[in-house]
Amino acid sequence: MAATVRQLVIRALTLFGVLLAVLILLVISLGATGYSDNLLRAQVSEETRALRQSLSQTVRDPAELERTVAARQAEIERFYGLDTPWYQRLPPAVLRVLRLDLGESRSLRTADGSRDVGAIVRERLPYTMLLLTSSSLVTSVTGLIVGVRMTTRAGGRLDRGVAYFAAISFAVPAWWLGILFILVFAFRLQWFPSGGMLSTPPPEAEWDRARDLAWHALLPILTIVVVSVGPYIYTVRTMTLSVAQEDHVLLARAKGLPERQITNRHILRVAAPPIVTGLVLGLAGSLSGSILVETIFNWQGMGRLYFDAVGSLDEGVIVALTFVFTLLYVMLRFLLDILYVLLDPRVRLAS
Amino acid sequence: MLDADSAAAEPEPGLPPVTERGGSRGALRLLTASGSGRVGLLLFALMVGLSLWVTFTYPRDFGVSRWSNPAVWADNPRNAPPNWTRFFDDVVPHSVRILTTPAETETIAAGEVRTFSVPIESSAAGSPGSLSMTLNGVAFRERPPALLAALVRPDGGRIRLSSVPIAAPRPGESPPFRRFYESPERVLLSSGPTAAQSLSGFFADRYPGVVISLPQGDLSPALFGRPADDGSGRIVAIDGDFELEIQAVVADPADEIAPIRVTAAGTAYGLMGTDGLGRDLWEGLLYGFPVALLVATLTAGASTLIGASLGIVSGYRGGAIDAVIQRFSDIVSNVPTLPLLIFLVTLLGRHLWLIMLVLVAFSWPGLTILVRSMVLQLRSGQLVESARALGASRRRIMTHHVFPQVAPFIIAQMIFFAPGAILAEASLSFLGLGDPSIPTWGQMLEAGFRTGALYVGYWWWVLPPGILIVLTAIAFMLLALALEPIVDPRLRRPS
């Protein structure tokens, strides 16, 4: 048990190291390229200009005006930390980000107009989660059912078909499949909306809104599922197949246990850890992929937010989102480790 | 998963030791033996061939001088589907003809009349959208030549079109007087008062009693049409062969008229259609091949080089070096690549080399971890041990005795890296972060998506680049699949 805890702690430290490494990379690339300085300078000059304008109404003497503005400008520069080099100014900013205080955006806002990046992320995150969790759910259920079924027909035509389908899935970017689906299902057949999250105007009643949301979510979910289900079925099939050939399964069969019980208790229980690994890794992959899929379907989640931030060059949001994406990714990875410990008695009891 | 280090340290008894001599020849045999390998090789050879062709025939700065230069595409129809859609859709192919030699030359008292003629296709389904000619140069000695254009209709009409004024010699200029050589002169033939007058005169003559109003602006529908039979004054297109006649009256037989380009604007263009700026998509699609191959091979090669050498060093040296490399690759392999790629490219600029650099920087750790575990096995093997007993240096053992044994595996892994690199570049380009001086398939898709081509159904713009991305990735996947027995010896068929 102690050994397991030690391993989990090492793992947690490694993943924390990932976070830190990413943040350091962000800081160095922001600082060393002079990007951060330029950004702040633009901010300062903007504020100084506004100040000069408002002062010129009251202060008539030009020399007096210049002096006041210069004094105020130095003050603003000190406030933004422009009087210190970037490697002294940015570390506190990193600590702030680590405490999830993500700063303010330049142009992007929440629905009620807040520019707090944390609030924007909190508003968008549930929509991303809706897409990711429901598509993972569909993928895992389909994968388990089909994958286990295929075990009995290994080497058959269906088996080979799924193998090719899985291989092709790796080569098809989810976003291009989304484009294809929009062309076929939204444009040609007009079965589904081509994007967005709610119809215009959005339905009034709570229940209708939820249905409308689900209706719009269907095509993006289908896209993610089609791309990820092939490899997953194949993982399940391979893992189950290799366990099914082991001696203890043969023994269970020899004992005359019912086939259902053999599958559930003797095969799936043993094959569970790699199967779960495949699922969580797929989820982690879809997290990055959501940037593109949400963009295609104009789905107002975190991914679309990232795309909009890149489009409007809102560096504050880009930095914050890079961090949030890394954080979510790392959290998923850690969840995976914990699940692994829970599922695999060999890992849990090794001491 | 948790305990990769200690598990990998002891070789699994079930696995045969990874020894494969003459790896590259064995790999080639594997590739040609399986169906997927053969298809992969075929696709790959096709891509290499097209890439070579593009490399030798396209201008070096294709992206800047052609693709992103609106002047090159000014004459082309915008958002036009491919020519071959005429077989199932009402479209008119766009046609461009270059006239070099006159069809007829007649000597008259005042000099010479050169007549050029161009057949122009029109059908009831649709007629050319406009008619224009571009003069690429005229040189004369005495009087400026007169250029007269006329459209000969299948119903017997001969419509005079706009003529081109050519400036007379300026004081101080010496013959021959050269015009339009520096900046070609484009003349829209299908509009203007001359054509309108001539056309209404002809209609009144040929179809008396029918009142029709000529279209505003471009006269093409009327030029290639006639009044509808129901007397409503509508204009319907004529099915038949038209002919554009251009007569040049020159004073001196030595006067030159450089090739004239005649454009009958259609609603369909070329092999693959055009995008919203009138760019020939076929040209852009072809250019994508060498770029995709470059991204794939360079990124995969560099990642493999770094990953494999770190893995060999880590596995063979052991100790602190091993620990540092393993911790480091553990951290790097857990970084989500796409967000960081987006961040770095936004910050440092949209350059292809930067994209490849970042891809390499984050893709090597997987290979390092795998190669290390293989090297751990080999280190205690007889081959390495005897080399060590003979007094070979550490470096020599690593390069001459360890590397050849893991080489086939590394080559297979390298091919496996390639599709990822292609897809990553495409994804980034699709987000609008592609290198603007080097057009790629991803960027063509991005342009289509940004301008809404997707939502109005311009399939010829958004489908082919995606299909090529997928095909390229599949070609590499198939090669990797065929080489799988090298990676996993359990799959090796008994021979």
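Residues numbered from 1 in each chain as written. Chains lettered and ligands numbered in written order. Predicted model: local features only at pLDDT ≥ 70, side-chain atom pairs only at ≥ 80, totals over all residues. Heavy atoms only, no water.

## Description of the overall build of chain B
Then step 1. For chain B, the helix and strand inventory stands at 16 helices and 14 strands.
Then step 2. A globule of 495 residues ought to have a C-alpha radius of gyration of about 23 Å, yet chain B, at 33 Å, is considerably larger.
Then step 3. In terms of overall dimensions, chain B has C-alpha extents of about 105 × 60 × 50 Å along its principal axes.
Then step 4. Relative to its 495 residues, chain B shows a buried fraction of 50%.
Then step 5. For chain B, long-range pairs separated by at least 24 residues make up 75% of all intrachain contacts whose partners lie at least 6 apart in sequence.
Then step 6. Accessible surface, chain B as shown: approximately 23,000 Å² in total, 59% of it carbon and sulfur.
Then step 7. A distance of 10 Å separates the average location of the 37 positive side-chain charges in chain B from that of its 40 negative side-chain charges. (Helix = DSSP H or I, 4+ residues; strand = E, 2+ residues; numbered from the N terminus. Rg over C-alpha atoms; globule rule 2.2 N^0.38 Å. Buried < 20%, exposed > 50% of the residue type's maximum accessible area, 1.4 Å probe, protein only. Contact = heavy atoms within 4.5 Å. Areas by Shrake-Rupley, 256 points an atom, 1.4 Å probe, with all protein chains shown as cover. Lys, Arg positive; Asp, Glu negative; His and termini not counted. Charge placed at Lys NZ, Arg CZ, Asp CG, Glu CD.)

## Some thoughts on the overall build of chain A
Then step 1. Check the secondary structure of chain A and you find 13 helices and 0 strands.
Then step 2. In sequence order, the secondary structure elements of chain A are arranged as α-α-α-α-α-α-α-α-α-α-α-α-α.
Then step 3. At 27 Å, chain A has a C-alpha radius of gyration far larger than the 20 Å of a compact globule built from 351 residues.
Then step 4. If you line up chain A on its principal axes, its C-alpha atoms span 100 × 60 × 35 Å.

## A few points about the packing of aromatic side chains
Then step 1. Counted under the stated rule, the structure contains 24 aromatic pairs over all chains.
Then step 2. Between Tyr127(A) and Trp299(A), the ring centres sit 6.5 Å apart and the planes meet at 90°, which makes this aromatic pair edge-to-face. Residue Tyr127(A) is located in helix H5 (residues 117-151), and its partner Trp299(A) is located in the loop between helix H10 (259-296) and helix H11 (302-311); the two are separated by 172 residues in the primary sequence.
Then step 3. The class for Trp299(A) is buried, based on a relative accessible area of 0%.
Then step 4. A ring pair is formed by Phe181(A) and Phe185(A), whose centres lie 5.3 Å apart and whose planes are at 70°; its orientation type is edge-to-face. Placement of the pair is Phe181(A) and Phe185(A) together in helix H7 (residues 174-188), with a separation of 4 residues, close to one helical turn. Summarising the burial analysis for this pair, Phe181(A) and Phe185(A) share the class buried.
Then step 5. An aromatic cluster of three or more residues is present, and its members are Trp53(B), Tyr58(B), Phe62(B), Trp67(B), Trp73(B) and Tyr287(B).
Then step 6. Over the aromatic face of Tyr181(B) sits the side chain of Arg178(B), whose NZ or CZ is 3.9 Å from the ring centroid. (Phe/Tyr/Trp six-rings, centres within 6.5 Å; stacked < 30°, edge-to-face > 60°. Lys NZ or Arg CZ within 6 Å of the ring centre and 35° of its normal.)

## Let's talk about the nonpolar core
Then step 1. Grouped together as the largest cluster of nonpolar side chains are 150 residues, with contacts concentrated most on Trp175(A), Tyr306(A), Ile342(B) and Phe343(B).
Then step 2. Counting residues per element, this core draws most heavily on helix H13 (residues 394-433) of chain B, at 19 residues.
Then step 3. One finds Ile120(B), Val187(B), Phe202(B) and Ile212(B) within the second-largest nonpolar core, a separate group that totals 40 residues. (Core = buried A, V, L, I, M, F, W, Y, C linked by side-chain atoms within 4.5 Å.)

## Quick word on the sheet that holds strand E13 (residues 256-257) of chain B
Then step 1. Spatial ordering of the open sheet is given by E8-E5-E13 (chain B), a layout of 3 strands whose pairing is antiparallel. This sheet does not close on itself; its edge strands, each paired only once, are strand E8 (177-179) and E13 of chain B. (Pairing = 2+ DSSP bridges.)

## A few points about the side chain of Thr295(A)
Then step 1. Position of Thr295(A) relative to the elements: it lies in helix H10.
Then step 2. The contact partners of Thr295(A), leaving out residues within four places of it in the chain, are Ser290(A), Gly303(A), Arg304(A), Phe307(A), Leu431(B) and Phe449(B).

## Structural notes on helix H10 (residues 352-363) of chain B
Then step 1. An ideal rise of 1.5 Å per residue puts 16 Å on 12 residues; H10(B) measures up with 17 Å between its terminal C-alpha atoms.
Then step 2. Tucked inside the fold, the buried residues of H10(B) contact helix H1 (2-32) of chain A together with helix H7 (281-317), helix H8 (319-333), helix H9 (337-348), helix H11 (365-379) and H13 of chain B. (Expected span 1.5 Å × (residues − 1).)

## Description of the domain arrangement of chain A
Then step 1. Split by domain assignment, chain A resolves into domain 1 (19-98) and domain 2 (125-313).
Then step 2. The C-alpha-based centres of domain 1 of chain A and domain 2 of chain A are spaced at 47 Å. (Domains from an automatic or database assignment.)

## Points about unusual backbone geometry
Then step 1. You will see that Gln190(A), though not glycine, has its phi angle at about 55°, which is positive.
Then step 2. Tracing the sequence through the fold places Gln190(A) in the loop between H7 and helix H8 (206-244).
Then step 3. Non-glycine residue Asn79(B) carries a positive phi angle of around 50°.
Then step 4. Note on Asn79(B): relative accessible area 23%, which makes it partly exposed.

## Here we look at the domain arrangement of chain B
Then step 1. On domain assignment, one finds that chain B holds domain 1 (4-67 + 281-491) and domain 2 (95-265).
Then step 2. Placing the centre of domain 1 of chain B and that of domain 2 of chain B at their C-alpha centroids yields a distance of 57 Å.

## Comments concerning the interface of chain B and chain A
Then step 1. Counting residues at the interface gives 42 residues for chain B, matched by 52 residues for chain A.
Then step 2. Between chain B and chain A lies a buried interface of about 4,300 Å² when both sides are counted; carbon and sulfur atoms form 81% of it.
Then step 3. There are 1 salt bridge connecting chain B and chain A.
Then step 4. Arg11(A) serves as the salt-bridge partner of Asp330(B), at 3.8 Å between the closest nitrogen and oxygen.
Then step 5. Linking chain B to chain A there are 4 residue pairs in polar contact (both at pLDDT 80 or more).
Then step 6. Of all the secondary structure elements, the ones that give two or more residues to the side of chain B that touches chain A are H8, H9, H13, helix H14 (441-450) and helix H15 (459-482) of chain B. (Buried area = accessible area lost by both parts, 1.4 Å probe. Salt bridge = Lys/Arg side-chain N within 4 Å of Asp/Glu carboxyl O. Polar contact = N/O pair within 3.5 Å; in protein donor to acceptor, adjacent residues only side chain to side chain.)

## As for the pairing of strand E4 (residues 130-135) of chain B
Residue and element names in this part refer to chain B.
Then step 1. Across the 6 residues of E4, 6 count as buried, placing the element largely inside the fold.
Then step 2. Here E4 shows a buried face lined by Ser-130, Ser-132 and Thr-134 and a second buried face lined by Leu-131, Met-133 and Leu-135.
Then step 3. Of the pairings in the sheet, the one linking E4 to strand E14 (residues 260-265) comprises 6 bridges and is antiparallel in character. Its bridge partner being in E14, Met-133 is matched across the sheet by Val-262.

## A short note on the environment of Asp155(B)
All names here are of chain B.
Then step 1. Mapped onto the secondary structure, Asp-155 falls in the loop between strand E6 (146-152) and strand E7 (158-160).
Then step 2. Spatially, the C-alpha atoms of Asp-155 and Asp-241 are 9.7 Å apart, while their sequence positions differ by 86 residues.
Then step 3. For Asp-155, the side chain forms a polar contact with the side chain of Arg-153, separated by 2.9 Å.
Then step 4. In this structure the side chain of Asp-155 is engaged in a polar contact, spanning 2.8 Å, whose partner is the side chain of Tyr-207.

## Notes on the sheet that holds strand E12 (residues 240-250) of chain B
Residues and elements named next belong to chain B.
Then step 1. Taken in spatial order, the 5 strands line up as E2-E3-E12-E6-E7 in an open sheet, and their pairing is antiparallel. Edge positions in the open sheet fall to strand E2 (104-108) and E7, since each of these has one partner strand only. Averaged over all pairs of adjacent strands, the angle between their axes in this sheet comes to 25°, without regard to strand direction. (Axes fitted to C-alpha atoms, helices over the stretch in contact; angles between N-to-C directions.)

## Quick look at the confidence of the model for chain B
Note: predicted coordinates in regions of low pLDDT should not be interpreted at a detailed level.
Then step 1. The share of residues in chain B with pLDDT of 70 or more is 93%, and the mean pLDDT across the chain is 83.
Then step 2. In the predicted assembly, ipTM is 0.82 and pTM is 0.81. (pLDDT = per-residue confidence, 0-100.)

## A few points about the pattern of salt bridges
Between side chains of opposite charge, pairing is possible as soon as their charged atoms come close.
Residues and elements named next belong to chain A.
Then step 1. Inspection of every chain in the model, using the stated rule, returns 20 salt bridges over all chains.
Then step 2. Across the salt bridge formed by Asp-337 and Arg-11, the nearest N and O atoms sit 2.6 Å from each other. Of this pair, Asp-337 sits in helix H12 (residues 315-343) while Arg-11 sits in helix H1, placing them 326 residues apart in sequence. This pair shows no difference in class: Asp-337 is buried, exactly as Arg-11 is.
Then step 3. Residue Arg-49 pairs with Glu-46 through a salt bridge whose shortest N-O separation is 3.4 Å. Separated by 3 residues within a single helix, Arg-49 and Glu-46 lie in helix H2 (residues 35-58), roughly one turn from each other.

## Quick notes on the environment of Leu431(B)
Then step 1. Its place among the elements puts Leu431(B) in helix H13.
Then step 2. The spatial distance from the C-alpha of Leu431(B) to the C-alpha of Trp441(B) is 12 Å, given a sequence separation of 10 residues.
Then step 3. If we ignore the near neighbours within four places in the chain, the residues touching Leu431(B) are Ile291(A), Leu292(A), Thr295(A), Phe307(A) and Ile342(B).

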